[in-house]
Amino acid sequence: MTTTVKTKHRAMWASGDYPAIASEIVAPLGPALVRAVGIGPGQTVLDVAAGTGNAAVAAALAGATVTASDLTPELLAIGEKNSPVPLTWVEADAEALPFDTASFDAVISCIGVMFAPFHTAAAAELLRVCRPGGSIGLANWTPQGFVGQMFATMKPYAAPPPPGAQPPPLWGDPGHLAELLGAGVTDVRLERQELRVDHFGGGAEFRDYFKRNYGPAIAVYRNIADDPARVAALDADLLALADRHDLGGGAMNWEYLIYTARRAAL
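These figures come from a predicted structure and were not determined experimentally. (Residues numbered from 1 in each chain as written. Predicted model: local features only at pLDDT ≥ 70, side-chain atom pairs only at ≥ 80, totals over all residues. Heavy atoms only, no water.)

*Asks:* Requested: an account of helix α3 (residues 29-37), with residues and values cited.
*Replies:* Taken together, the buried positions of α3 are L29, G30, A32, L33, V34 and V37. Here the buried face of α3 lies against α4 (54-61), β4 (104-110), β5 (130-141), β6 (185-197) and β7 (252-263). (Buried < 20%, exposed > 50% of the residue type's maximum accessible area, 1.4 Å probe, protein only. Helix = DSSP H or I, 4+ residues; strand = E, 2+ residues; numbered from the N terminus. Contact = heavy atoms within 4.5 Å.)

*Asks:* Run through the pattern of salt bridges, naming residues and quoting values.
*Replies:* Inspection of the entire model under this criterion finds eight salt bridges. A salt bridge links R10 to E91, with the shortest nitrogen-to-oxygen separation between them at 3.9 Å. Here R10, found in helix α1 (residues 2-14), pairs with E91, found in strand β3 (residues 88-91); they are 81 residues apart in sequence, far enough to count as distant. E91 gets classed as partly exposed once you look at its relative accessible area, which sits at 47%. When the shortest N-O distance is used, the salt bridge between R131 and D105 registers 2.7 Å. With R131 in strand β5 and D105 in strand β4, the pair connects residues that are 26 residues apart, well separated along the chain. Residue class for D105 comes out buried when judged on its relative accessible area of 18%. Connected through salt bridges with shared partners, the residues K6, D93 and E95 form a single ionic network. (Salt bridge = Lys/Arg side-chain N within 4 Å of Asp/Glu carboxyl O.)

*Asks:* Any chance you could break down the layout of surface pockets for me, citing the residues and the numbers?
*Replies:* The volume enclosed by the largest pocket comes to roughly 1,100 Å³. Around the largest pocket sit 33 residues that line it, and M12, A158, A159, P161 and P162 are the ones nearest its centre. The residue inventory of the lining of the largest pocket, partitioned by class, reads 24 nonpolar, six polar and three charged. (1 Å grid on protein atoms, 1.4 Å probe; cavity = no way out; pocket = protein on both sides within 12 Å on 5 of 7 lines; lining within 4 Å. Points joined across faces, edges and corners; volume = space filled by probe spheres on them. Nonpolar A, V, L, I, M, F, W, Y, C, P; charged D, E, K, R; others polar.)

*Asks:* Which residues make up the state of the cysteines, and what are the values?
*Replies:* Counting across every chain of the model gives zero disulfides. The thiol of C110 is unpaired, and the distance to the nearest cysteine sulfur, on C130, comes to 17 Å. Residue C110 is classed as buried on the basis of its relative accessible area, which comes to 12%. Classification of C130 by relative accessible area gives buried; the value is 0%. (Disulfide = S-S within 2.5 Å.)

No statement about biological role is implied by the geometric values presented.
Have a look at this one:
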């Protein structure tokens, strides 16, 4: 079952055009995370579930020696092609990382590891590969923010998740992070921030862009493709969600949580 889950997960993120979203919508998040963690020259950094490398590239530009890892090789290939700075790109499962224990000074993930379906396993790997005293930094969408609410909106239309899988936006809940990382970290800092998104002229433009480009949305629409009434209902629900968050002219604020901590002694 695990192999099937991973194959579907990889295919989902390879569908559509996530690199467009990474460059056009969420590009500021990587540098924000790198600044929050305080990454700089001389550090070895692992970016988990790096996608096309928004955070990995920012860390490398800050002078660190960086490895970007992701389950989806198509995203890594685009990231490597477009990167303005050298770094290492490795296909890897966030729940079973192919790196030695305590081998990085900083382990980060920018709206990436939150999408690994089995949270406890992914969190354990973040801790394992970070050296004692090293940094762990995460940027995750919150459950109550726009993207968290988008997932809640799509949930009734989605295929059932695999047994034991947990919703991605839980990684933006401080209580859930405390359960996942717990005694493995010290010096925890939490900061809620907002990403201003003004790429869309209105809710319909947002919805159609995500239907076309965003793997999780594509997967949900494929699940109901043979039921026009449900497709129309989801269309209406996503439009209503965007309209509720519209600050004027289609601009929205998308809330995310930045989490930083130190790896506790082993």
